[in-house]
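Structural description and commentary
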Amino acid sequence: TGTTRPQRLLRAVQERATRGDSESVIAAIDHFCRHQEWAMNVGDEKGFILDSVVSEVSPQTALELGTYCGYSTVRIARLLPPGGHLITLEFNPNYAAVARQVIAWAGLEDMVQVVEGASGDWIPHLREHFGIESFDFVFLDHWKELYLPDIKLLEECGLLRKGTVLLADNVICPGTPDYLEYVRKSQSYESHYFGSHLEYTRAEDGLEKSVYLG
Ligand SMILES: O=C(NCCO)c1cc(-c2ccc(F)cc2)cc(O)c1O
Ligand SMILES: [Mg+2]
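In this text the structure is predicted, and so the values were computed from the model without any measurement. Position labels on residues start from 1 in each chain and follow its written sequence. Each chain takes a letter, starting from A, and each ligand takes a number, starting from 1, following the order in which they are written. Local features in this predicted model are restricted to residues whose pLDDT is 70 or higher, and side-chain atom pairs enter the listing and the counts only when it is 80 or higher, whereas totals over whole chains, interfaces and linings include all residues. Processing note: side-chain calculations cover all non-hydrogen atoms of the structure and skip hydrogens and water entirely.

As for the layout of surface pockets
Only protein atoms enter the calculation, which uses a 1 Å grid: trapped sets of points that fit a 1.4 Å probe without letting it out are cavities, open sets showing protein on both sides within 12 Å along at least five of seven lines are pockets, and any residue with an atom within 4 Å of a point is a lining residue. Grid points are joined across faces, edges and corners, and a volume is the space filled by probe spheres set on the points. Approximately 450 Å³ is the volume attributed to the largest pocket. The wall of the largest pocket is formed by 25 residues, among which M40, G66, D141, H142 and W143 lie closest to the centre. Those elements that provide at least two residues to the lining of the largest pocket are strand 2 (85-90), helix 6 (119-122) and helix 9 (171-175). Secondary structure elements follow DSSP: runs of H or I no shorter than four residues count as helices, runs of E no shorter than two count as strands, and numbering proceeds from the N terminus.

Looking at the coordination of the magnesium ion (ligand 2)
Distances up to 2.8 Å from the metal define which N, O and S atoms are donors, and 3.2 Å serves for Na, K and Ca; water is absent from the atom set, so sites may look incomplete. Here the magnesium ion (ligand 2) is held by the protein donor atoms D141 (OD), D169 (OD) and N170 (OD1), which lie 2.0 to 2.2 Å from it. Between consecutive donors of the magnesium ion (ligand 2), the numbers of intervening residues give the motif D-x27-D-N. Note that D141 is positioned in the loop between strand 4 (135-140) and helix 8 (147-156) and N170 in the loop between strand 5 (160-168) and helix 9, a separation of 29 residues in sequence. Each member of the pair, D141 as well as N170, is classed as buried. Under the scheme applied here, a residue whose accessible area is under 20% of the maximum for its type counts as buried, over 50% as exposed, and between as partly exposed, the area being computed with a 1.4 Å probe on protein chains only.

Concerning the sheet that holds strand 3 (residues 112-116)
Sheets are built from strands that pair by backbone hydrogen bonding, the pairs being arranged parallel or antiparallel. Here, a strand pair is defined by DSSP locating no fewer than two bridges between the strands. What the 7 strands build is an open sheet, ordered 3-2-1-4-5-7-6; its pairing is mixed. What marks the edges here is a single partner per strand, and that holds for strand 3 and strand 6 (189-197). The sheet shows a mean angle of 15° between the axes of neighbouring strands, direction not considered. Pairing of strand 4 with strand 5, which is carried by 5 bridges, proceeds in the parallel orientation. Bridging across to strand 5, V138 finds its partner in L166. Sheet strands in contact with helix 3 (residues 43-57) are strand 4, strand 5, strand 6 and strand 7 (204-212), and its direction is about 150° off that of strand 6. Convention adopted: a line fitted to C-alpha atoms gives each axis, helices being fitted over their contacting stretch, and angles between N-to-C directions are expressed from 0 to 180 degrees. Pairs of residues are marked as contacts when any of their non-hydrogen atoms sit within 4.5 Å.

Here's the deal with the pattern of salt bridges
Think of a salt bridge as a Lys or Arg side-chain nitrogen and an Asp or Glu carboxyl oxygen that are within 4 Å of each other. Tallying each qualifying case throughout the model produces 15 salt bridges. Note that E23 and R78 form a salt bridge whose closest N and O atoms lie 2.7 Å from each other. Within this pair, whereas E23 is found in helix 2 (residues 22-35), its partner R78 is found in the loop between helix 4 (71-77) and strand 2, the two being separated by 55 residues in sequence. According to the relative accessible area criterion, E23 is partly exposed, its value standing at 46%. Taken together, the salt bridges that share partners define one network made up of E23, D51, R75 and R78.

What to know about the pairing of strand 6
Relative to strand 7, strand 6 runs antiparallel, the two being bridged by 9 bridges. The partner of S196 across the bridge, within strand 7, is D205. Taking the residues that link successive antiparallel strands as the turn, the strand 6-strand 7 hairpin has 6 residues, and the phi of Y200 there is positive, at about 65°.

Quick notes on the packing of aromatic side chains
The pairing test for Phe, Tyr and Trp rings, Trp by its six-membered ring, is centres within 6.5 Å, and the orientation test on the planes gives stacked under 30 degrees, edge-to-face over 60, and tilted for anything in between. If you walk through the whole model with that rule in mind, you get 6 aromatic pairs. Chaining the aromatic ring pairs together yields one cluster made of Y182, Y189 and Y212. Working rule: Lys NZ or Arg CZ, within 6 Å of ring centre, within 35 degrees of ring normal, means a charge sits over the ring. Looking at R19, its charged tip hangs above the ring of W105, at a distance of 4.6 Å from the centre.

Structural notes on the site of ligand 1
Nearness is defined per residue: one heavy atom within 4 Å of the molecule or strand is enough. Near ligand 1 the following residues occur: W38, M40, D141, H142, W143, K144, D169, N170, C173, P174, L198 and E199. D169 has a polar side-chain atom sitting 3.2 Å from an oxygen atom of ligand 1. Here, Shrake-Rupley sampling with a 1.4 Å probe gives the accessible areas, and only protein chains in the shown set may cover a residue. Protein burial of ligand 1: of its 480 Å² of free accessible surface, 72% is covered by the chains. For this analysis, a molecule is said to be in a pocket or cavity if more than half of its atoms are within 2 Å of the grid points defining it. Taken atom by atom, the bulk of ligand 1 overlaps the largest pocket. Amino acid classes used here: Ala, Val, Leu, Ile, Met, Phe, Trp, Tyr, Cys and Pro are nonpolar; Asp, Glu, Lys and Arg are charged; the rest, including Gly, are polar. Residues that form the shell around ligand 1 fall into these classes: 6 nonpolar, 2 polar and 4 charged. Counting of polar contacts relies on pairs of N or O atoms within 3.5 Å, with two restrictions inside protein: one atom must be capable of donating a hydrogen and the other of accepting it, and residues adjacent in sequence are counted only when both atoms are side-chain atoms.

Overview of the packing of helix 8 against helix 10 (residues 177-185)
For the pair helix 8 and helix 10, interaxial distance at closest approach is 8 Å and the crossing angle is 40°. The pairing of helix 8 with helix 10 is recorded here as oblique in orientation. Listed contacts from helix 10 to Y147, L148, I151, K152 and E155 of helix 8 are D178, Y179, Y182 and V183. Of the residues belonging to the contact of helix 8 with helix 10, the class tally is 6 nonpolar, no polar and 3 charged. Put simply, angles under 35 degrees are roughly parallel, angles over 145 are roughly antiparallel, angles from 65 to 115 are roughly perpendicular, and the rest are oblique.

Have a look at this one:
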């Protein structure tokens, strides 16, 4: 028994970061993952690419699939424009519980809604439940085999609009081959690959940015 890795990551945030200072929360998690225990956050190198895409889109409505401990949630939420809001879906209740506390420590709880449950169950209900018309930005970082079914579901539910930007983590490692083939071949997407490395390692990985064309 004892603590879980997400709980140890949260303790590192509470011991090393300043409440309300999102930069110090990000730095504390990166320090923990480099010097204590590897964890599957998007990390600092891919996180820099995430930051640049979020800043470019400046989304009023953003969706994250796969919260884990809230590291990328904090990276995205800290860059939202005034009035911007981020919904993040997490299947694992233990991850969600830690993420809520990490997000609160960063002082970003007013811009973020952590929703527990399966993405496939929740996506059809986001409009009615949260009054969302469509998303300006979607970050995919959950189970890799769900990337493709979930964007098809987002399309079917009318939650993507002309210009919606999708950004997908781990398209090389662990890899999302069916998703990559789909967005790169489909006439409905304009895709670009950002080469990088698996968080906190030298292994190859990258992010795929895909703009929905309608
Ligand atoms: O499964 C992942 N996410 C959804 C669950 O919350 C995930 C896994 C890995 C990873 C793990 C084990 C390894 F050996 C290599 C990569 C990395 C990531 O960035 C991820 O997002
Ligand atoms: Mg990932």
